Structures are given as structure tokens and as C-alpha cells.
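Okay, here's what each chain looks like letter by letter:
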Amino acid sequence: MTTPTACRMCRGTVIEVLDLGPQPSANAFLAPGSADLEMVYRLAAGICESCTLLQLIDDTPPDLRYSDTYRYEASGSAGARRHFAQVAERLLATELTGADPFIVEIGCNDGVLLDHFARAGVRHLGVEPSKGVAELAMAKGVNVTTEFFGTSTAVDIRERFGRADVVFGANTICSITDIADLMRGVDTLLSDDGVFVFEEPYADTIVRKRAFDQIYDEHVFYFSVRSVQEMAHRFGFELVDAEQIQQHGGEIRYTLARPGTRTLSPMVGMLLFREAEAGLADPVALRAWAADVQNTRTRLVALLENIRAEGHRVVGYGAPAKATTMTNFCGIGPDLLPFICDSTPGKQGRLTPGSHIPVRPRDAFAGDYPQYALLFAWNHAAEIMAKEQEFSEQGGKWIVYVPGVRVI
Ligand code: TMP
Ligand code: ZN
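As the structure is a prediction and not an experimental result, all values here were calculated from the model.

### Digging into the pattern of salt bridges
Then step 1. Throughout the structure, instances matching the rule amount to 21 salt bridges.
Then step 2. When the shortest N-O distance is used, the salt bridge between aspartate 335 and arginine 308 registers 3.8 Å. Here arginine 308 lies in helix H10 (residues 283-309) and aspartate 335 lies in the loop between helix H11 (321-330) and strand E14 (340-341), a separation of 27 residues in the sequence.
Then step 3. Overlapping salt bridges bring together Glu16, Asp19, Arg42 and Asp58 as one network.

Set out below in C-alpha cells:
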């Protein structure tokens, strides 16, 4: 099954390690009746022999991914709102203390971060190609340019506003297929003493924690400290910090600066050591992981079939993009899971991509508790389980599948 492909970052050979089958674009929730227009592609990941960057084998066109059907709102959980408030507070206290500072966010989504700078009167600009979420940001008073980020956008922003003290991205940098163009853009836009800060899904979480549902079309790259260090060198930067954060199950916040401008954090070396131990750059170790992923599918489907055979009901909780990967990989449709409840108004009344499971508001769950709830939004387990205590008190059980299938 090995398909040699050229690495998008260094042109080295990419060796395929995991195939998750035919999949649609993960956030393209469908209006009922529009399913026949849906496109699918092969979702498979591979590792670059040279720079070790884990990445998709095939990718979907960005304008298909970030079209009007794009329904992800970054401020959709209390955890995310709290997280970005803290990011803003720290940047204001550290990197944005000079005269008239300027921050650019690549992929500002609904303005969950930039809103804090807008309210603090700090110069900021969001670059966001998805019109629907960009409008939500603008409604909060955030400055947004509705386009994709790349070298030409960076030249344009620099001419209009000058160079940026901070270029920031959250779950966005991993989605920019032309990573070389992105890095040249950052180089163009960033001031000599500026920092490029981005927080992204972590290959170690995906592999060691078996969080393979983070693999979907929007995430073209699954960075590690080692591959980001390679990327930094290649484009004239230095990786000066790597902090572990917990938003989507375990990410890293990377800080890149011009060489010699910052002190190197000891975390970089520590995580490099741990990654080598985990075999993150080793195709043999990654194939063993792929076999575990197949086991998770077998066990989850068997559990859902047993529940159905016993005459019990199970519904899905949370319809993040992760649920698209999971339902399509496992072949879970409305016959096994009649609906998924989700708090995002834009997803409600629509069907999950590919698997065509109806998405309903939380009331559909709370109004008539099932015996089981399959927790797709497992990264928000604490927040959701606290909110849904009554479900558990009435005997309801949660099904989770990361790092393995469990009923709790
Ligand atoms: P995310 O982890 O990618 O932010 O997506 C979480 C999804 O779960 C999003 O679609 C909103 C949904 N969700 C709920 O439906 N209820 C909740 O209580 C929380 C926290 C999230
Ligand atoms: Zn490479």
C-alpha cells in the first residue's frame, strides 16, 4: 500500500503508514437533500523519510474546505474561550508591549482570540478565508481580511500596515498545503524581533494517545518538535519554544524567532528526546500504530452492534470534524447512531459529512436520554460530563475511544 509521494515541505519521499479510507471534507455539514453533491477523497497519512513531517498523502482543494458550508466555530466551548483569553493576556504582557504593536492572526475564525485585542485597542488583523466565520469575527469588531494567507497576502499586509510583532495561528498552520509559501509570507511580514507562534495538533498525541480522529482533510500536517525544527531552519528561523497544551487532546504551541534573538527553552530538547523514544519518525513503529487504529474500529463497531442487538439506544455527543473521520472510517451511519447532538447552531438540522447522521440540538439528547452516548468531543469530556451529570445519574453510560474503546 506504500505510495511514494513528495513531501510538501522538503520534497523528500513520503511513505504511507495509515489509510482511513474514502472520506468527505470534515466540516462540510450537509443540508438535507444535498448529499448527492458530496465529494470524497482518500484519507491517508505518511511520514517523510527526510524531514520526518507526518502529512496527508492526498489533499482536498482549500476552497472546497473553507467554503460557505464550513461550520466550525472556534469559540464553541468554554474551554476554548478561556484558552484564547489566556493567550491574549500573555501576548499583551510579553510580545506586544512596544509602541503601537501589531498582531496578525492566520485563520482567525470567529475572532475568539482577536476580540481581546480589538477590545484592548491593539492593532490587529485576522486573515480568514471562510466568509461565514469571518463575518462572526467582524460582528465582534475584529478587523478581518477575507482571504487565504500566503506570500502575496503578506506583502500586501506589510505595505498597508507595516510589519507584525506577532504572527499567530491556532489549528491553521497545519492546514496550509503550500507550507513553503506560508513560511516565506511569515518571513515577509514579521519584524526583526517578532515571533511566529502557532499551536497545532501534535503527532505524538495522534500516535501515542491513538487520537487518530484528528486526521482529516483540514489537517494536512501533523507536526512534531523535530519536523518543526527542520522547518524553522529551512526557512531562516529558529524554534525557540515548544509548550504542551490541552485543547484538542494534546497540542504543541511552537514559537519561532529570527536566529539568535531569543533564549532557547529546555522544552525543545526534552520533547525531541521523547519523540525519538516514541518512534515518531520510524515507519515501522507507525505501522504498528496503524494496526492499533484498525483494532479500535473493530472494537467500537462491535460495541455499537451489541448495543443495538440488546435493544438499547446510543446517540452521538458532539459533532466535531473528528466525528467525520471516525464515522466514515468505522462505517457508522444513522442505522447505528440515529443522531448526534451538537451545540453549534450552524451544524444543527444538517447531516454529518459522508456518514449522513442528523445533527440535533442538545435538547434532543436531554429530552429523552438514551442508554449510551458516544462522545466524539472527547477533548471536552470534563466540561460535557459535568454539564450532563443527570444523564449519568439516570444510569447513562459514556462511550469513548481514545486512547482505546471504553464504557464509563
Ligand atoms: P472542537 O473540539 O473541535 O472544538 O469541537 C467540539 C464540538 O463539540 C463542537 O462542534 C461543539 C460541540 N460541543 C457540544 O456540542 N457541547 C459541548 O458542551 C461542547 C463543549 C462542545
Ligand atoms: Zn520532508
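Now, onward.
### Describing the site of ligand 1
Then step 1. Taken together, 18 residues form the shell around ligand 1, and within it Asp342, Ser343, Lys347, Asn379 and Lys387 come nearest.
Then step 2. Note that an oxygen atom of ligand 1 is positioned 2.6 Å from one of the side-chain N or O atoms of aspartate 342.
Then step 3. Between ligand 1 and the protein, one listed contact pairs an oxygen atom with a side-chain N or O atom of lysine 347 at 2.7 Å.
Then step 4. Here ligand 1 loses 94% of its free accessible area of 480 Å² to cover by the protein chains.
Then step 5. At three residues, helix H13 (residues 381-387) tops the list of elements feeding residues into the shell around ligand 1.
Then step 6. Grouping the amino acids of the shell around ligand 1 by side-chain chemistry returns six nonpolar, seven polar and five charged.

### With respect to the sheet that holds strand E1 (residues 5-6)
Then step 1. An order of E1-E2-E3-E4-E10 is seen for the five strands of this open sheet, with the pairing classed as antiparallel. Only two strands of the sheet have a single partner each, and these edge strands are E1 and strand E10 (221-222).
Then step 2. Relative to strand E4 (residues 54-56), strand E3 (residues 41-48) runs antiparallel, the two sharing three bridges. Note on E4: the bridge partner recorded for isoleucine 47 is leucine 54.
Then step 3. Together, strand E2 (13-23) and E3 form the strand contacts of H11, whose direction differs from that of E2 by roughly 80 degrees.

### Some thoughts on the nonpolar core
Then step 1. Counting 59 residues, the largest nonpolar core has Ile215, Trp289, Leu300, Leu374, Ile399 and Tyr401 as its most contacted members.
Then step 2. No other element matches H10, which puts nine residues into this core.
Then step 3. Sequence-distant contacts of tryptophan 289, that is, excluding residues within four places in its chain, are made with Val17, Leu18, Ile206, Val207, Arg210, Phe212 and Ile215.
Then step 4. Formed by 48 residues, the second largest nonpolar core is a distinct cluster that contains Cys51, Ile173, Cys174 and Phe223.

Thresholds applied
Residues numbered from 1 in each chain as written. Chains lettered and ligands numbered in written order. Predicted model: local features only at pLDDT ≥ 70, side-chain atom pairs only at ≥ 80, totals over all residues. Heavy atoms only, no water. Salt bridge = Lys/Arg side-chain N within 4 Å of Asp/Glu carboxyl O. Helix = DSSP H or I, 4+ residues; strand = E, 2+ residues; numbered from the N terminus. Near = heavy atom within 4 Å. Polar contact = N/O pair within 3.5 Å; in protein donor to acceptor, adjacent residues only side chain to side chain. Areas by Shrake-Rupley, 256 points an atom, 1.4 Å probe, with all protein chains shown as cover. Nonpolar A, V, L, I, M, F, W, Y, C, P; charged D, E, K, R; others polar. Pairing = 2+ DSSP bridges. Contact = heavy atoms within 4.5 Å. Axes fitted to C-alpha atoms, helices over the stretch in contact; angles between N-to-C directions. Core = buried A, V, L, I, M, F, W, Y, C linked by side-chain atoms within 4.5 Å. Buried < 20%, exposed > 50% of the residue type's maximum accessible area, 1.4 Å probe, protein only.

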